[in-house]
Amino acid sequence: MHDTILRDLSVIWCLFHILIVFMLLYRSRFSRRKTLLLTGTCMVPLIAGNVSGLILLGSARMGQLFFLTCTLPSLVFYYYMSKDRRGRFLFTFCLSDTVAYWIIIVTNLLDFYFGGDDYLLMFLSRLVLFPLLEWGVYRLLRKPYMELQESVDRGWNVFAAMSALYYILLVVTANFPVIITSRSQELLGFLLILLLMPMNYATIFVAMYRQLLLYRRQKSEHILQEVRQQMEIQLDNQRRIQRIRHDMKAHTITLSGLLAQGKAEEAQEYLNKAISVKKVYEEQFCVNPYLNAVLSYYVMKFDELGIPVHLDIRTGEERLQHVELCQILSNGLENACDATSRLPSAVEKMVSVQMRYQRGWLIIRIKNRCRDDLRVEKGRLPETEKKETGHGFGLQTIQEAAKRMKGEMFCYTEQGFFILDVMVRGDDGVWLMRN
């Protein structure tokens with residue numbers, strides 16, 4: 001027992017640090033406190049059981065059973081805990097386990113060929129390598145990897161399959177039919193497999209990083225398009241003001257001439273017609289000037305397309321985060337406009353916008369007619385059908401803006417309508433309600 005104490009301590013050290021590496025990379029669906037509590041409750045007994053098996057059965061036997069006694073139970077537990085599913089989760093799990101297992105094997109080989117009988121080299125090498133691994137993961141990998149999980153949707157299943165196969169390959173070649181140190185004739189091939197692992201993961205991360213760069217570029221293009229759209233709205237408003245001033249001059253001349261001739265009834269009729277022409281474009285839909293500019297722009301756009309739009313706006317003016325709200329509103333209305341305009345002429349087109357402020361929350365609902373075969377479940381973002389770059393970010397932009405305002409976004413289809421619900425925290429200022 002005394003001869004193997006450093007080995008047993010190093011195993012405990014390894015198992016705990018495998019958990020740390022994985023927890024640095026995966027995204028739990030629970031709060032940090034609940035995640036730590038559940039992890040401690042489930043994983044500490046699992047680690048204790050594997051250490052006990054190591055003491056009772058020996059390292060060779062436990063090396064053969066480790067996949068069943070530790071890997072599979074922890075896989076099931078963390079699958080339950082994880083926010084991600086399928087390829088994302090499996091790749092993260094296999095990445096953590098494979099890298100940690102790689103260190104365990106390398107330190108075993110170093111100790112077997114260059115260490116003594118007291119396992120001191122194994123203990124010291126693991127004592128140093130695992131903190132170095134965690135430092136590298138935290139400083140270099142964690143931030144871009146979290147962004148990858150958030151933004152990249154495709155490719156995870158292939159990468160997860162590659163990682164899972166490599167992990168199984170390591171386990172099998174290292175332990176079956178007997179431990180690799182008892183098969184010296186196969187050692188060279190095994191070392192080549194160990195050298196292959198960094199190259200394997202380097203290839204995977206280069207491919208994923210290119211996807212991330214592509215995502216960032218497309219997102220930047222979308223942001224530029226949003227800025228351009230906002231500038232066009234402002235420019236259009238300026239043109240409208242200039243046009244109104246020009247028209248007012250002409251109207252004034254006409255009305256002055258009619259009144260000078262004593263034709264009051266004709267002047268009144270002319271004035272009523274002039275007001276009706278400008279009514280849609282001069283109406284104040286919202287007391288907030290920024291939101292009103294967005295609404296005015298899209299009311300004109302819907303009117304030009306012949307799409308009826310129903311507005312029920314009950315929102316406020318003071319201390320609004322107008323940048324995020326304009327993003328939410330303009331992206332939601334642009335999606336509604338695009339989807340509705342592409343419907344067949346036989347379909348009854350309709351768009352409605354509702355905004356309410358209730359109990360400290362601003363609630364926005366944009367509803368538009370959609371294709372009958374479109375199915376979107378609540379909690380999932382639909383994929384864009386457009387092939388050009390720069391598309392497919394509207395709902396993501398709304399979701400990110402809602403999160404910045406400590407809120408949530410949900411979209412779904414219901415009875416032939418696409419419904420976008422956004423709920424965000426209102427500021428503490430005074431809200432002016434418009435009935």
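Attention in this report is confined to the structure presented alongside it. (Residues numbered from 1 in each chain as written. Predicted model: local features only at pLDDT ≥ 70, side-chain atom pairs only at ≥ 80, totals over all residues. Heavy atoms only, no water.)

Details of the overall build of the protein
Cut-off, in case you're wondering: A run of H or I in DSSP counts as a helix once it spans at least four residues, and a run of E counts as a strand once it spans at least two, with each numbered from the N terminus. Only protein chains enter the area calculation, which uses a 1.4 Å probe; residues under 20% of their type maximum are buried, those over 50% are exposed, and those in between are partly exposed. Should any heavy atoms of two residues lie within 4.5 Å, those residues are considered in contact. All accessible areas in this document rest on Shrake-Rupley with a 1.4 Å probe, and a residue is counted as covered only by the protein chains that are shown.
Scanning the protein from terminus to terminus reveals eleven helices and five strands. Per-residue burial for the protein yields a buried fraction of 42% across its 435 residues. Sequence-distant contacts, at least 24 apart, represent 74% of the contacts inside the protein between residues at least 6 apart. Carbon together with sulfur atoms contributes 60% to the accessible area of the protein, which is approximately 24,900 Å² in total.

Let's talk about the environment of M23
Structurally, the position occupied by M23 is in helix 1 (residues 5-25). Owing to a relative accessible area of 24%, M23 belongs among the partly exposed residues under this scheme. Sequence-distant contacts of M23, that is, excluding residues within four places in its chain, are made with T35, L36, T39 and Y78.

Some words on the packing of aromatic side chains
Selection criterion: Pairing of aromatic rings covers Phe, Tyr and Trp, the last through its six-membered ring, and needs centres within 6.5 Å; plane angles under 30 degrees mean stacked, over 60 mean edge-to-face, and all others mean tilted. Should the NZ of a Lys or the CZ of an Arg lie within 6 Å of a ring centre and within 35 degrees of the ring normal, that charge is described as sitting over the ring.
Taken as a whole and judged by the stated rule, the model has 19 aromatic pairs. Arranged with centres 6.3 Å apart and planes meeting at 70°, the rings of Y145 and F205 form a pair that is edge-to-face. On the criterion of sequence distance, the pair formed by Y145 in helix 5 (residues 120-151) and F205 in helix 7 (residues 187-260) is long-range, its members being 60 residues apart. Positioned above the aromatic ring of Y119 is the side chain of R7, whose terminal nitrogen or guanidinium carbon lies 5.8 Å from the ring centre. Here the basic side chain of K367 rests over the ring of F417, its NZ or CZ set 4.7 Å away from the ring centre.

Considering the pattern of salt bridges
This is how it is decided: Every case where a carboxyl oxygen of Asp or Glu lies within 4 Å of a side-chain nitrogen of Lys or Arg is listed as a salt bridge.
Inspection of every chain in the model, using the stated rule, returns eight salt bridges. For the salt bridge of D338 with R342, the shortest nitrogen-to-oxygen distance reads 3.0 Å. Its relative accessible area of 52% is what places R342 among the exposed residues.

Section: helix 2 (residues 32-57)
Worth spelling out the cut-off: A helix is expected to span 1.5 Å multiplied by its residue count minus one. Working definition for bend: take the seven residues up to and ending at a residue and the seven starting at it, fit an axis to each, and measure the angle between the axes.
A rise of 1.5 Å per residue sets the reference length of helix 2, with its 26 residues, at 38 Å; its end C-alpha atoms lie 36 Å apart and thus fit the reference within 8%. The largest bend in helix 2 comes to about 30°, at G40. Buried residues of helix 2: T35, T39, M43, L46, I47, N50, V51, G53 and L54, and no others. Against the buried residues of helix 2 lie helix 1 and helix 3 (59-81). Two residues or fewer past helix 2, G58 is found with a positive phi of approximately 95°.

A short note on the packing of helix 4 (residues 86-114) against helix 6 (residues 156-175)
Here is the rule we go by: Angles here are taken between N-to-C directions and fall from 0 to 180 degrees, while the axes themselves are lines fitted to C-alpha atoms, restricted in helices to the stretch in contact. Our angle categories are set so that under 35 degrees counts as roughly parallel, over 145 as roughly antiparallel, 65 to 115 as roughly perpendicular, and the remainder as oblique. What makes a crossing left-handed is the near helix being turned counterclockwise from the far one by less than a right angle; a clockwise turn instead makes it right-handed.
Interhelical geometry of helix 4 versus helix 6 gives an angle of 30° and a closest axis separation of 8 Å. Between helix 4 and helix 6, the interaxial angle falls into the category roughly parallel. Crossing of helix 4 against helix 6: the hand is left-handed. Between helix 4 and helix 6, the residues in contact are R86, G87, R88, L90, F91, C94, D97, T98, Y101 and I105 and W156, N157, F159, A160, S163, A164, Y166, Y167, L170, V171, A174 and N175, respectively.

What about the nonpolar core?
Side chains that are nonpolar tend, in soluble globular proteins, to be buried together. Applied cut-off: Throughout, nonpolar core names a set of buried Ala, Val, Leu, Ile, Met, Phe, Trp, Tyr and Cys residues whose side chains join them through atoms within 4.5 Å.
L15, Y78, F91, I105, F130, L170 and F190 are the most contacted members of the largest nonpolar core, which has 58 residues in total. Broken down by secondary-structure element, the contributors of at least two residues to this core are helix 1, helix 2, helix 3, helix 4, helix 5, helix 6 and helix 7. The element contributing the most residues to this core is helix 4, with twelve residues. Leave out the neighbours within four places in its chain, and F190 touches I105, L109, L170, T173, A174 and I180. Within the second largest apolar cluster, 37 residues are counted, among which are C286, Y298, I307 and L362.

Here we look at the sheet that holds strand 5 (residues 417-425)
Where we set the bar: Strands qualify as paired when DSSP identifies two bridges or more between them.
Spatial ordering of the open sheet is given by 1-2-3-5-4, a layout of five strands whose pairing is mixed. Each edge of the sheet is formed by a strand with only one pairing partner; in this case those strands are strand 1 (309-313) and strand 4 (408-414). Within the sheet, the average angular offset between the axes of one strand and its neighbour, ignoring direction, is 10°. For strand 1 and strand 2 (residues 351-358), the ladder comprises five bridges, and the chain directions are parallel. Opposite I313, over in strand 2, you have M355 as the bridge partner. Sheet strands in contact with helix 10 (residues 322-341) are strand 2, strand 3 (361-369) and strand 5, and its direction is about 10° off that of strand 3.

Describing the pairing of strand 3
Both strand 2 and strand 3 contribute to a ladder of eight bridges, which runs antiparallel. Following the sheet pairing, V351 is matched in strand 3 by N368. Count of turn residues in the strand 2/strand 3 antiparallel hairpin: two residues, of which R359 carries a positive phi of about 50°. Inspection of the sheet shows strand 3 paired to strand 5 by nine bridges, in the antiparallel sense.

With respect to a nonpolar patch on the surface
The line we're drawing: A patch consists of residues exposed above 30% relative accessible area that lack any salt bridge, with like charges linked at up to 9 Å and nonpolar side chains (Val, Leu, Ile, Met, Phe, Trp, Tyr) linked at up to 5 Å.
A surface patch of nonpolar side chains, about 480 Å² in accessible area, is lined by L120, L124, L127, V128, L129 and L132. For L124, the location among the structural elements is in helix 5. A relative accessible area of 41% means that L124 is categorised as partly exposed.

Any functional reading would require information beyond the geometric quantities listed.
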